[in-house]
Amino acid sequence: MTSRTRREFGIGAAAGLAFVPRMTRGQTKPRVIVIGGGIGGATVAKYVALNRMVDVALIEPKLRYTTCFMSNLYLAGLRSFESLTHGYEALADRYGIKVIHDVAISINPAAKTVRLKRGMEMPYDKLVLSPGVAFKFNVIDGYDEAVAEIMPHAWTAGPQTKLLRAQLDAMDDGGVFIITVPQNPFRCPPGPYERASLAAYYFKQSKPRSKILILDAKDSFFEQDLFQSSWDQHYPSMIEWLPGQFTGGVTAVDVKASVVKTASDSFTANVANIIPPQVAGSLAQTAGLTDESGWCPIDQVTFESKRQPDIYVVGDAAITGDMPKSALSANSQAKVCAFTILAELTGSQRPSPHLFNTCYTYLSGNDAVSDAISFKLDSGTLKISGISMSKVDDKTEVRREAVREAAAWYDAFTHDVFG
Ligand SMILES: Cc1cc2nc3c(=O)[nH]c(=O)nc-3n(C[C@H](O)[C@H](O)[C@H](O)COP(=O)(O)OP(=O)(O)OC[C@H]3O[C@@H](n4cnc5c(N)ncnc54)[C@H](O)[C@@H]3O)c2cc1C
């Protein structure tokens, strides 16, 4: 490892490389399987694989991963779809990870094996899941997977995102774009409001008489003051936010009439973006790794499942106290998990975890805000220990600088995960 790479990955990674697994003569290398090649999974795989004494396999059905982060810029016509997609070649070629494009369909914790859709049965010493989220269809009456092809959620990036973009493109000037927001917890708390901001930015240029209606199940949201002051400044009267206390949240959709219903009202949409309630990715459910909340209880120091030993869960699927379900959180958790696994396999001392989340949020094409939050364990739960955020009265130049920083962050971050 060169000194440049040591600096790139930090002290923890260098320490991970120095670990030598305890093996007896003739024993094969320890086997780590990672299920899910999204942000959490790709990061765990890469950081475990920095130790060449461990065999790492990554199971992911997609040949290329599309990031949700920055996908709202694509919706606004500010970024190409291609610029959001990443392949797995570097993980395989540079780090020796065995990338298998398949779906993991079951886990046998007693035999310590994973079965893949195409029939392969793979043994593991340590198993990591980062399967992201699944959607709770039909909690909103009439909203199922088929209807999502007409009223997209676009809450996993890919064909759904392209569909929503095409619908916004085709919408006439003066149309109504409805975004529905579920109760917490869900993937990316500021995401729906960033989406409203960037859709408004697009409408302002191309269809200025259009309106955006946000039907929220909640009564407040993260960075609300920053969003609402920017909406007043950039898009006066274009965005209306209706909190749960007025609407009771969305109860049903009528796809034929293009109507979104709450307990007391019906709203006609030209384009409807229904973001349904969410739970941990479906394998976590069927493998018995979730609790009654639908998410995976874990030890918030090691990320080991509280349901099964030697199985770890990171990213959106895990219950992680105050940590939001975000890409940076998933990446930060994944590194702690990787070094914990390496320590377990080698009998070395576990590194002390350092968990944080940084997020850039766009309010327009040239206005972005950021937050940086660190977390500390308190009675077994990750709690916020420090926070720094943009302010409502930041100068225009500060906000423009955040737009430039966000673009640079994207390149560095995706390189850290997939490069
Ligand atoms: C519109 C939007 C904007 C966002 N913006 C930001 C942002 O600005 N900053 C930020 O930090 N976060 C942002 N996020 C959140 C971020 O994208 C997620 O939190 C992050 O992707 C979570 O990583 P993950 O590994 O848990 O899940 P994912 O990245 O979704 O990865 C899960 C992977 O698991 C695979 N998988 C699932 N089941 C199986 C199985 N059985 N077998 C094999 N593979 C399987 C899937 O194919 C998928 O590739 C945004 C999200 C949205 C929707």
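Cut-offs applied
Residues numbered from 1 in each chain as written. Predicted model: local features only at pLDDT ≥ 70, side-chain atom pairs only at ≥ 80, totals over all residues. Heavy atoms only, no water. Helix = DSSP H or I, 4+ residues; strand = E, 2+ residues; numbered from the N terminus. Rg over C-alpha atoms; globule rule 2.2 N^0.38 Å. Buried < 20%, exposed > 50% of the residue type's maximum accessible area, 1.4 Å probe, protein only. Contact = heavy atoms within 4.5 Å. Areas by Shrake-Rupley, 256 points an atom, 1.4 Å probe, with all protein chains shown as cover. Lys, Arg positive; Asp, Glu negative; His and termini not counted. Charge placed at Lys NZ, Arg CZ, Asp CG, Glu CD. 1 Å grid on protein atoms, 1.4 Å probe; cavity = no way out; pocket = protein on both sides within 12 Å on 5 of 7 lines; lining within 4 Å. Points joined across faces, edges and corners; volume = space filled by probe spheres on them. Nonpolar A, V, L, I, M, F, W, Y, C, P; charged D, E, K, R; others polar. Near = heavy atom within 4 Å. Polar contact = N/O pair within 3.5 Å; in protein donor to acceptor, adjacent residues only side chain to side chain. Pairing = 2+ DSSP bridges. Axes fitted to C-alpha atoms, helices over the stretch in contact; angles between N-to-C directions. Phe/Tyr/Trp six-rings, centres within 6.5 Å; stacked < 30°, edge-to-face > 60°. Lys NZ or Arg CZ within 6 Å of the ring centre and 35° of its normal. Salt bridge = Lys/Arg side-chain N within 4 Å of Asp/Glu carboxyl O. pLDDT = per-residue confidence, 0-100.

## Topic: the overall build of the protein
At step 1: Across its full length, the protein carries 11 helices and 22 strands.
At step 2: For the protein, whose C-alpha radius of gyration is 22 Å, the value lies close to the compact-globule estimate of 22 Å for 419 residues.
At step 3: A principal-axis box enclosing the C-alpha atoms of the protein has dimensions of 75 × 45 × 40 Å.
At step 4: Split into buried and exposed, the 419 residues of the protein put 56% on the buried side.
At step 5: Pairs at least 24 residues apart make up 65% of the contacts formed inside the protein by residues separated by at least 6 positions.
At step 6: Of the roughly 17800 Å² that the protein leaves accessible, carbon and sulfur atoms contribute 51%.
At step 7: When the 43 positive and 43 negative side-chain charges of the protein are each reduced to one mean point, those points stand 7 Å apart.

## Section: the layout of surface pockets
To find leftover empty space, a probe the size of one water molecule is rolled over the atoms.
At step 1: Each pocket or cavity is described by its volume, and for the second largest pocket that value is around 460 Å³.
At step 2: The wall of the second largest pocket is formed by 27 residues, among which Pro-189, Asp-322, Met-323, Pro-324 and Lys-325 lie closest to the centre.
At step 3: Secondary-structure elements contributing two or more residues to the lining of the second largest pocket are β20 (355-364), β21 (367-378) and β22 (381-389).
At step 4: Split by residue class, the lining of the second largest pocket holds 17 nonpolar, 6 polar and 4 charged.

## Here's the deal with the site of the ligand
At step 1: Neighbouring the ligand are 34 residues; Gly-40, Glu-60, Tyr-65, Ser-130 and Arg-187 lie closest to it.
At step 2: Measuring from a nitrogen atom of the ligand, one finds a backbone N or O atom of Ala-104 at 2.9 Å.
At step 3: Contact between the ligand and Arg-187: an oxygen atom at 2.6 Å from a side-chain N or O atom of the residue.
At step 4: Alone, the ligand offers 1000 Å² of accessible surface; in the complex the protein occludes 93% of this.
At step 5: Elements with a minimum of two residues in the shell around the ligand: α2 (39-49), α3 (71-75), α10 (327-346) and β20.
At step 6: In terms of residue count, α10 provides more of the shell around the ligand than any other element does, 3 residues in total.
At step 7: Looking at side-chain class alone, the shell around the ligand contains 18 nonpolar, 9 polar and 7 charged residues.

## Notes on the sheet that holds β22
At step 1: Strand order in this open sheet of 3 strands is β20-β21-β22, and the pairing throughout is antiparallel. The outermost strands of the open sheet, each flanked by one partner alone, are β20 and β22. The mean angle between the axes of side-by-side strands here comes to 25°, regardless of whether they run parallel or antiparallel.
At step 2: Where β20 and β21 come together, 9 bridges link them in antiparallel fashion. Bridge pairing links Tyr-362 to Ala-368 in β21.

## Regarding the packing of aromatic side chains
At step 1: Under the definition given, this model contains 19 aromatic pairs.
At step 2: Geometrically, the ring pair formed by Phe-69 and Tyr-410 is tilted, given 5.5 Å between the ring centres and 55° between the ring planes. Pair noted here: Phe-69 is in the loop between β3 (65-66) and α3 and Tyr-410 is in helix α11 (residues 396-418), with a separation of 341 residues, a long-range link.
At step 3: An aromatic cluster of at least three residues, connected via ring pairs, comprises Phe-69, Tyr-360, Trp-409, Tyr-410 and Phe-413.
At step 4: Against the face of Tyr-410 rests Arg-79, its NZ or CZ located 4.3 Å from the ring centre.
At step 5: Cation over ring: Arg-165 sits above Tyr-202, and NZ or CZ is 4.8 Å from the ring centre.

## Quick look at the pattern of salt bridges
At step 1: For the coordinates displayed, the defined rule picks out 17 salt bridges.
At step 2: Linked through salt bridges whose partners overlap, the residues forming this network are Lys-112, Lys-126, Asp-310 and Glu-344.

## Describing the pairing of β20
At step 1: Taken across its 10 residues, β20 has 8 buried, putting it largely inside the fold.
At step 2: The hairpin formed by β20 and β21 contains 2 residues between the paired strands.

## Here's the deal with the confidence of the model for the protein
At step 1: When pLDDT is averaged along the protein, the result is 93; 94% of the residues meet or exceed 70.
At step 2: The low-confidence segment residues 1-18, where pLDDT is below 50, has 19 contacts with residues more than four positions distant or belonging to other chains.

## Thoughts on the sheet that holds strand β8 (residues 121-123)
At step 1: Pairing within the open sheet is antiparallel, and its 3 strands lie in the order β6-β7-β8. Looking at which strands have only one partner, the edges of the open sheet turn out to be β6 (104-108) and β8. Taken over all neighbouring pairs, the strand axes of this sheet differ in orientation by 25° on average, direction set aside.
At step 2: Judged from the 4 bridges that link them, β6 and strand β7 (residues 113-116) form a sheet pairing that is antiparallel. Bridged to Ala-104 within β7 is Leu-116.

## Looking at the side chain of Lys-325
At step 1: Within the element layout of this structure, Lys-325 appears in the loop between β19 (311-313) and α10.
At step 2: As a buried residue without a salt bridge, Lys-325 has its nearest oppositely charged side chain in Asp-316, at a separation of 6.0 Å.
At step 3: Only 3.1 Å separates the side chain of Lys-325 from the backbone oxygen of Ala-318, close enough to count as a polar contact.
At step 4: Contact partners of Lys-325, with chain neighbours within four places excluded, come to Pro-185, Phe-186, Arg-187, Cys-188, Pro-189, Trp-295, Asp-316 and Ala-318.

## Regarding the environment of Glu-405
At step 1: Following the sequence through the fold, Glu-405 ends up in helix α11.
At step 2: Among the residues examined, Glu-405 registers a relative accessible area of 35% and is labelled partly exposed.
At step 3: The spacing of Glu-405 and Ile-178 is 227 residues in sequence and 30 Å in space, taken between C-alpha atoms.

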